[in-house]
Amino acid sequence: MAKLNAVKRNANTGKQSALKRLRTALSSSGITGAKSQVSKRDRKRGIHKTTQKSDERRKKLQAIQSALNPFEFQTNRKKMDILGLKRKDDVVNVAIARQRAVEKRKNTLGKERQQRNRFGGVVDQRIGENDPTMDPEERMLKRFTMERQKRQSRGDMFNLEDDVEGEITSLTHFGRSIDEIDEFDEPAGSDYGEDDQASGAIGSSAVSATHFGGFEPAAGEEGRKKTKNEVMQEIIAKSKQHKYERQMLKEQDDGVRRELDDDFESVRALLFADKDQDDDDMDVDNQPSKEKLYDSYVRDLVFEKRGRPQDRLKTEEEQAREELERLERAERHRLRRMEGLPSDSESDSGSDTEMAGYDSKKKRRPEADDLGDDFEPNAESEDEINVPTEGVDFGAGLEAGESSDEEDGDSEDEEEEEEEDDDGSDLRESDSEAESNEQQSHAAARSAKPVSNHESSSELPFTFAAPTDYDAWVELVAPYTLEQQLVIIKRMRTQYHIRLAPQNKGKLAALAVILTNHLAVLAEQNPPVSKQTIDEIVRHIGELAPADPEQFGEYCRELVIGMQRRIQKGIRQQTNQLRASDVALARLFVSVFSSSDRYHAIITPMMVAIAQFLSQHTFACVRDISIGLALAAIVHETQRLSRRLVPEALNFVTSILAATVCDHNDSHDWSDGCVFPLSRRQREALGILHINTAEKCTDVSDISWALLVEDVPATADIRYAVLRACLALCRRYVDCYFSLSAFIECFQPLELLLDKVCLRLPRFKLQRAPDAVLKLLEDLQSHLADQLTSARESRIPLKMQYHKPLAIASVAPKFESSYNPETHYDPDRDRSEILKLRRQVARERRGAVRELRRDAQFLAGERLKEQKEKDKSYADKMKKAWSVLESDQSEMKKLDKQRIKDRKAKI
Amino acid sequence: MSLKRKHSNVEEESSLNEVVHKLEASVLSSHENLNNIVEIYKIASGDDAEAAFTAANSLGRIYSALWTKGLLKRAKSQQQNKDSTTAAAKVSEWIRENYKQYVDLLKSMLGNSNGPIQIAALRLLLQMIDKEGQSMCKSAGNYVFPNDSFLEAIEIILNSSDSSEHLLRTLAESYLNAYDDLRLYFYRDLVKLASPDYDPFKNRSKRGPRASSVQHSEVFVQNAFAVMNQIRTMPKTSNENMSLWVALPKNSSDAEPSVLSPAAHTRAFSEAWLALMRLQLNPEIYKQILLMMHKRIIPHMSDSKLLMDFLSNSYETGGSVSLLALNGLFTLITEHNLNYPQFYEKLYALFDRNLFHVKYRARFFRLLEVFLGSSHLPAYLIAAFIKRMARLALFAPPAGIVTAIPMIYNLLKSHPSCMVLIHRMPEYDSETGEEKVDKDCDPFIADEPDLSKCQALQSSLWELETLQHHYYPNIATLAKIFNEPFHKPQFMLEDFLDHTYTTFFESDTSRKPKKAPALATQPPTTLIRPGDALSDFMSL
């Protein structure tokens, strides 16, 4: 390359004569001149110029020759001279390139041409036969290794005829097995032991072998080979040692085995715990056939069902982490929905998998390490007797279901247990039974007779036809008590578990709908159904809803629509059309659905309906007001996490609060603190809440569920209960909305109103307001005052229009600090990609055309060559023929001449 | 049995009807049988309603015939020959006596509680008025309307609490709307009747003392309004084809009777309405009058300024009445150059806590858009309105908020100097260059009625920011526009006015959800979550 550059430089520098250039080239490469002469020293060393340097020299000469031929180099002219750009086709040696191309064509196209019109033939497939680079020896070697490998791979180990095995297992010596030459002399190492015993002195050979300077080959012995005898001795010694070790090992094993045999009885007791009795019998009967016994044990052990391999049990940490991840994912989705973003943008099936994960976690088959925490086969019978504690019996029915579909026998056992427990529960609950019967009869009178009062129905069937609608359900459960109904629900969920059959999904979804309906009916009972029963049903609904959320959601939507219709009708007719069941269902929806969502197909319409009720309804009786308060609390529950403003709820609570102390006939008195305008009718209706200072309150209690069901006349107790509820709700809302920027505007009126309430509540000795209420009020007042102060301090003016300033579009050319001409700087990526591809295509096209043209040239050349050869051979042939003929002719002529001569001569 | 009795009844009635018809035929055939009128009158005032009805009708026909024959006319000659006891005069006297009795009968029928009878009586009475009028015209030679009779009829109708809706409607639609003279005299009579010094006993010494005197009863107001409300026609220009109940005499000496001049009509209309407005109106009618004011009253008034007092008083009443008065006032201001002092202060006062809850919210906002639409209004004024509106929207129902937000947006857009309400850069101290930290950054005085003193321009609209966290997602989204650059064109307020809870609910529930509703992360285990707001005061 250096030379090439030199040549180029020369070519560039000036126009010298070819001779001059040749001379400089020769001298610079060291062919001519002083260096070219072989020095004397070299000659002395025997390095001959001819042998070593002739090759080198030839190469150099060739290079110079080719370099000096200007027609062999093609210099590609550049259109633009770009600094720093190196192209490999600056200067191309055309001759070499052309030759290379021709060679290549000869090998490919030429071959093909030769092969045309030929079919069949024998292909030599011997290894290396077609490879000209291999020597015959190499070929042989390769073939041999291949053969060996082939044999090795193909089941050679089973080839009995080959004696390869023998070599490995046993050593031979002169064809004899070493075992046979066992009784040779002692090994060489042990002979000094004998010496020791005999004389106390160490043998000279041993000393020389091991003592100072020992272990090193003696100076004289360096080249000496061991004698045959010595070798033999060494070998024998080694083998003996091995044998001894083997023996020792065997003895140890025997000892252990013996111990094991001795302990066998005790170990066996562990292994065959259940067959203990039989074994004892056998021991007594067949004492002599101990070995048989042992055999049978062995057989038992062999055929014993082995534990199947299982996925690794998760450690507690892993379980905890999984649960944590699931919760975190769920929370993330919820937050996204709260923002109004689709929750599934991360992964569409996210919620599904999450649900599935949830299910699988919950309904997972009991595993060995569960025993402690939630798999309690006996516990579930207890919680079916209506003693659900804390909700730790989560999915107990499900687990029963799992075990039952695994092993029928087991589940039967369990069910028998259940039955027994049911009987027991009947006895235990005889007193509560009567009560529930009362409820049930009441229920039957009030609503679609959900339960009747059959007392004798203590036996429950274990399977039930899946009810498709509520009527079917009522028919099914009519003979049973509420507690039994809960058991029925559990059994149904077990029976129609979603894993058992695909169509069970629909049945469970129907069950969820039915239970929702049932809950609505139960909520209407007076006296109310026990909390446990309601909670149990709610839990079932919550667990069943994921079976088919669409169907369940659709049903709930219809319920909400019905609720809204009734609210509207109630507003129009000024009667209350909402019932306790609506409150219960609203509460249920809030907890079953993700109520913090920004938009939710069920919760949002429900909120609109409730808001309409709270703002437009005329609350004329205690029941209305109780329902209103309950709904306001439910509204708070929906906004507990999302903290969105619900003005209607706030207005309602403030109005009710105002009603307790303000004079409903004096609109100015009302408007003082209460922001929310009420129509005169609404205001007058609320007059029933006005706390009369002459009345005395005996006890402030909770607002009971029964108040939602049936109206009662307003008494002082109820008024104080309502006041207390209002205060509690206010407190909740204050806490809920503290973060809103208009907190002050929202709650300042309430502060005024609270002052008024505080001022007007009776504080005389006799008619004193209950202390609980007063305390609540004072707490709320101070709390609200604190919150308002801190809100005032922390509030800053709005900066809603703070936008990132938009840059003005620049027209200055873009300057690249490190410009690389090989990359495209088109800002439009697609366009630059397309351009690149287009160039590539053009280049390839040009190349292909060129190649085709060269191919055609090559082929033409070949054809010409062939033709020439053919012509030449023909000409030769003709020449030969001619020459033969000519010689013949000449001979003939000669003969003729001779003959004539002869004849003449004769004559 | 009962069937039989019924049958006999029917027979009896039909026989009575036949008797009436026979008698009527005999009376009409010759004057000899005029005495039969007494017979018919007896039947008409009898207990048998059916027959009485027939009889009253037939009497009507008889008297119409008698009017045309001129037998009922109170002629001059009659006056002269008062003492002369000619046979003709006696007959005439007798007939007139009977006619009066008959008219009284009709009036009593008008006060009847039975709707159809009232209407029939009205028809017959007006028929008689027509005949009387014609005969009077004939004798007088120019157009005369027998207003005395009409006034009495109107008085009875308007004062009777039994006047059925049907009667009033018939009166308004079949007679007052159709005949210009009837309407004109109705208006005039109404003014007479409504005037406080109207003495009902002046003309009718014969009548017994009436229960209600000067103090107009609620019934009167109601009836009067009901009729007035239903009168929808009004002559615009003077033209000959006015339809008159009492036909114009052909050889009229008076070229232009007042009935034919539209000015008279307009004046009568104005006076009638003003008279009505002067009465003690109950809130319902008051609101209705205000509601129709700008469309149906103001355009026909002879002088709209006369309404000014009424409207101003209404506007100052406050509450929804003010909202309604605004519309009429607006018409006066825009079309009749009324200059209302301190209009914006009053308007500002209308922004009370009821504003977003009343029915006429949409109406009010339409007007408000016009009133505040001028870009020449000072910024402090607009800012005060915006601030007050936002403050009220905080407690408004969604429908109200949905109106307020576009309104505020439009106002901010057309008054960029108010943008500080939503975007206030901190002030810097001129000396130290540090940010001024203001402890109380809300100097707005909510109770200040004076727009220039309420300092709204120094405040910020935190209310709007809070509404971005409204529970109804559409409102929250709508409120977010204040965070975006103000590039949008102004909102068409009309699109946001007619929402209610029901429309929101239906728009939410009408479309089917695309995917299953999201369930709670943690399924519930109890109905009332321990620790939620419900558990504070309610126990299962």
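Quick caveat: nothing in here was measured; it's all calculated off a predicted structure. (Residues numbered from 1 in each chain as written. Chains lettered and ligands numbered in written order. Predicted model: local features only at pLDDT ≥ 70, side-chain atom pairs only at ≥ 80, totals over all residues. Heavy atoms only, no water.)

Quick notes on the overall build of chain B
Item 1. Counting its secondary structure elements, chain B contains 22 helices and one strand.
Item 2. Out of the 540 residues in chain B, the part that is buried amounts to 52%.
Item 3. Looking at chain B alone, contacts between residues at least 24 apart form 72% of all its contacts between residues at least 6 apart.
Item 4. As displayed, chain B offers around 25,800 Å² of accessible surface, 51% of which is attributable to carbon and sulfur atoms. (Helix = DSSP H or I, 4+ residues; strand = E, 2+ residues; numbered from the N terminus. Buried < 20%, exposed > 50% of the residue type's maximum accessible area, 1.4 Å probe, protein only. Contact = heavy atoms within 4.5 Å. Areas by Shrake-Rupley, 256 points an atom, 1.4 Å probe, with all protein chains shown as cover.)

Comments concerning the overall build of chain A
Item 1. Tallying secondary structure elements over chain A gives 34 helices and five strands in all.
Item 2. The buried share among the 907 residues of chain A stands at 35%.
Item 3. About 58,600 Å² of surface is accessible on chain A, with carbon and sulfur atoms providing 52% of the total.

Topic: the interface of chain A and chain B
Item 1. Contact with chain A, which involves 96 residues of that partner, is made by 74 residues of chain B.
Item 2. Summing both sides of the interface, chain A and chain B together bury roughly 7,700 Å²; the carbon and sulfur share of this comes to 63%.
Item 3. It is Leu798(A), Met800(A) and Gln801(A) in chain A that bury the most area against chain B; as a group they hold 10% of the surface buried on that side.
Item 4. Taken together, the connections running from chain A to chain B amount to six salt bridges.
Item 5. A salt bridge links Arg587(A) to Asp532(B); the shortest N-O distance between them is 2.6 Å.
Item 6. The interface formed by chain A and chain B holds 34 residue pairs in polar contact (both at pLDDT 80 or more) in total. (Buried area = accessible area lost by both parts, 1.4 Å probe. Salt bridge = Lys/Arg side-chain N within 4 Å of Asp/Glu carboxyl O. Polar contact = N/O pair within 3.5 Å; in protein donor to acceptor, adjacent residues only side chain to side chain.)

Overview of the packing of aromatic side chains
Residue and element names in this part refer to chain B.
Item 1. Under the criterion given, the structure shown has 29 aromatic pairs over all chains.
Item 2. Judged by centre distance (4.6 Å) and plane angle (15 degrees), the ring pair of Tyr-409 and Phe-486 falls under stacked. Here the residue Tyr-409 occupies a position in helix H18 (residues 398–414), and Phe-486 occupies one in the loop between helix H20 (473–479) and helix H21 (501–510), the gap between them amounting to 77 residues.
Item 3. Put simply, the rings of Tyr-315, Phe-330, Phe-343, Tyr-344, Tyr-348, Phe-351, Phe-356, Phe-364, Phe-365, Phe-371 and Phe-385 pair up and form one aromatic cluster.
Item 4. Seen from the ring of Tyr-185, Arg-188 lies directly overhead, with NZ or CZ sitting 5.4 Å from the centre. (Phe/Tyr/Trp six-rings, centres within 6.5 Å; stacked < 30°, edge-to-face > 60°. Lys NZ or Arg CZ within 6 Å of the ring centre and 35° of its normal.)

Examining the pattern of salt bridges
Item 1. Applying the stated rule across the entire model yields 38 salt bridges over all chains.
Item 2. A salt bridge links Arg795(A) to Glu745(A), with the nearest nitrogen and oxygen atoms 2.9 Å apart. In this pair, Arg795(A) is assigned in the loop between helix H33 (771–794) and helix H34 (829–906) and Glu745(A) in helix H32 (residues 743–760), connecting sequence segments 50 residues apart.
Item 3. Accessibility expressed as a relative area gives 9% for Arg795(A), which makes it buried.
Item 4. Residue class for Glu745(A) comes out buried when judged on its relative accessible area of 5%.
Item 5. Overlapping salt bridges, with partners in common, bring together Glu745(A), Arg795(A), Lys387(B), Arg391(B), Asp442(B) and Glu463(B) in one network.

Comments concerning the nonpolar core
A general feature of soluble globular proteins is that nonpolar side chains tend to end up buried together.
Item 1. By size, the foremost hydrophobic cluster in this structure holds 308 residues, and its most contacted members are Phe747(A), Ile289(B), Leu347(B) and Phe482(B).
Item 2. The element best represented in this core is helix H31 (residues 716–736) of chain A, accounting for 13 residues.
Item 3. Leaving out residues up to four positions away in the same chain, Phe482(B) has contacts with Met800(A), Gln801(A), Ile405(B), Ile408(B), Tyr409(B), Leu412(B), Ile422(B) and Leu464(B). (Core = buried A, V, L, I, M, F, W, Y, C linked by side-chain atoms within 4.5 Å.)

Here we look at the environment of Ala393(B)
Residue and element names in this part refer to chain B.
Item 1. Looking at the element boundaries, Ala-393 is found in helix H17 (residues 379–393).
Item 2. We classify Ala-393 as buried; its relative accessible area is 2%.
Item 3. Ala-393 sits 70 residues away from Glu-463 along the chain, and the two C-alpha atoms are 7.9 Å apart.
Item 4. Not counting residues within four places of it along the chain, the set of residues in contact with Ala-393 comprises Phe-356, Ile-401, Ala-404 and Leu-467.

Here we look at helix H20 (residues 482–495) of chain A
Item 1. Helix length check: H20(A) (14 residues) gives 20 Å between terminal C-alpha atoms against 20 Å at 1.5 Å per residue, within 8%.
Item 2. Burial of H20(A) is extensive: 13 of the 14 residues sit out of reach of the surface. (Expected span 1.5 Å × (residues − 1).)

Considering the side chain of Arg557(A)
Item 1. Mapping Arg557(A) onto the fold places it in helix H23 (residues 549–573).
Item 2. Within the structure, the side chain of Arg557(A) is placed 3.4 Å from the backbone oxygen of Arg511(B), a separation counted as a polar contact.
Item 3. When residues no more than four places from it in sequence are discounted, the contact partners of Arg557(A) are Ala601(A), Ile602(A), Asp508(B), Thr509(B), Arg511(B), Lys512(B) and Pro513(B).

Thoughts on a positive patch on the surface
Residues and elements named next belong to chain A.
Item 1. Residues Arg-98, Arg-839, Arg-843, Arg-846, Arg-850, Arg-853 and Arg-854 make up a contiguous surface patch of positive charge.
Item 2. Of the residues forming the positive patch, the biggest block, six residues, is contributed by H34.
Item 3. In this fold, Arg-843 is placed in helix H34. (Patch = residues over 30% accessible without salt bridge, like charges linked within 9 Å, V, L, I, M, F, W, Y side chains within 5 Å. Lys, Arg positive; Asp, Glu negative; His and termini not counted. Charge placed at Lys NZ, Arg CZ, Asp CG, Glu CD.)

Let's talk about the packing of helix H7 (residues 147–159) of chain B against helix H10 (residues 218–230) of chain B
For any two helices packed against each other, one specifies the crossing angle of their axes together with the interaxial distance.
Residue and element names in this part refer to chain B.
Item 1. Packing of H7 against H10 brings their axes to within 7 Å, and their N-to-C directions diverge by 110 degrees. When the axes of H7 and H10 are compared, the pair comes out roughly perpendicular. On H10, the residues touching Ile-157, Leu-158 and Asn-159 of H7 are Val-219, Phe-220, Asn-223, Ala-224 and Val-227.
Item 2. For the contact of H7 with H10, the class distribution of residues is six nonpolar, two polar and no charged. (Axes fitted to C-alpha atoms, helices over the stretch in contact; angles between N-to-C directions. Parallel < 35°, antiparallel > 145°, perpendicular 65-115°, else oblique. Nonpolar A, V, L, I, M, F, W, Y, C, P; charged D, E, K, R; others polar.)

Concerning the side chain of Ser626(A)
Item 1. When you line up the elements, Ser626(A) lands in helix H26 (residues 622–642).
Item 2. Residue Ser626(A) is classed as buried on the basis of its relative accessible area, which comes to 1%.

Description of unusual backbone geometry
Item 1. A positive phi angle, near 55 degrees, is found at Gln574(A), a position not held by glycine.
Item 2. Locating Gln574(A) in the fold gives a position in the loop between H23 and helix H24 (580–592).
Item 3. Its relative accessible area of 39% is what places Gln574(A) among the partly exposed residues.
Item 4. The phi dihedral of Gln455(B) falls on the positive side, at around 60 degrees, and the residue is not glycine.

A look at the confidence of the model for chain A
Residue and element names in this part refer to chain A.
Item 1. For chain A, per-residue confidence averages 75 on the pLDDT scale, and residues scoring 70 or more make up 72% of the total.
Item 2. Under a pLDDT of 50 for its full length, residues 185–198 has, in the predicted model, 14 contacts with residues more than four places off or in other chains.
Item 3. Between residues 275–284, whose pLDDT stays under 50, and residues either more than four places distant or in other chains, the model counts 11 contacts. (pLDDT = per-residue confidence, 0-100.)

With respect to the packing of helix H12 (residues 283–297) of chain B against helix H13 (residues 308–317) of chain B
Residue and element names in this part refer to chain B.
Item 1. Direction vectors running N to C along H12 and H13 enclose 120 degrees, while the axes themselves pass 12 Å from each other. Considering the angle they form, H12 stands oblique to H13. Taken as a pair, H12 and H13 cross one another with a handedness that is left-handed. Between H12 and H13, the residues in contact are Tyr-286, Ile-289, Leu-290 and Met-293 and Phe-310, Leu-311 and Ser-314, respectively.
Item 2. For the contact of H12 with H13, the residue count by class is six nonpolar, one polar and no charged. (Left-handed = near helix turned anticlockwise from the far one by under 90°.)

A look at helix H14 (residues 320–336) of chain B
Residue and element names in this part refer to chain B.
Item 1. The end-to-end C-alpha separation of H14 is 24 Å, in line with the 24 Å expected for 17 residues at 1.5 Å each.
Item 2. Within H14, the axis deviates most sharply at Leu-326, by approximately 25 degrees.
Item 3. Just downstream of H14 lies Asn-337, where phi reads positive at about 60 degrees. (Bend = angle between axes of the 7 residues up to and from the residue.)

Remarks on a negative patch on the surface
All names here are of chain A.
Item 1. Taken together, the side chains of Asp-131, Asp-135, Glu-137 and Glu-138 make up a negatively charged region of the molecular surface.
Item 2. Looking at the element boundaries, Asp-131 is found in the loop between helix H5 (94–115) and helix H6 (136–153).
Item 3. Among the residues examined, Asp-131 registers a relative accessible area of 30% and is labelled partly exposed.

What to know about the confidence of the model for chain B
Residues and elements named next belong to chain B.
Item 1. Mean pLDDT over chain B: 77, with 81% of residues reaching 70 or higher.
Item 2. With pLDDT under 50 throughout, residues 203–214 is counted as low confidence; its partners more than four residues away or in other chains account for 14 contacts.
Item 3. Model confidence for the complex is summarised by a pTM of 0.59, with the ipTM given as 0.71.

Thoughts on the environment of Ser174(B)
All names here are of chain B.
Item 1. Structurally, Ser-174 is set in helix H8 (residues 165–176).
Item 2. Judged by its relative accessible area of 35%, Ser-174 falls in the partly exposed class.
Item 3. Sequence-wise, Ser-174 and Arg-123 are 51 residues apart; in three dimensions their C-alpha atoms are separated by 9.9 Å.
Item 4. Discounting chain neighbours no more than four positions away, the residues touching Ser-174 are Arg-169 and Tyr-179.

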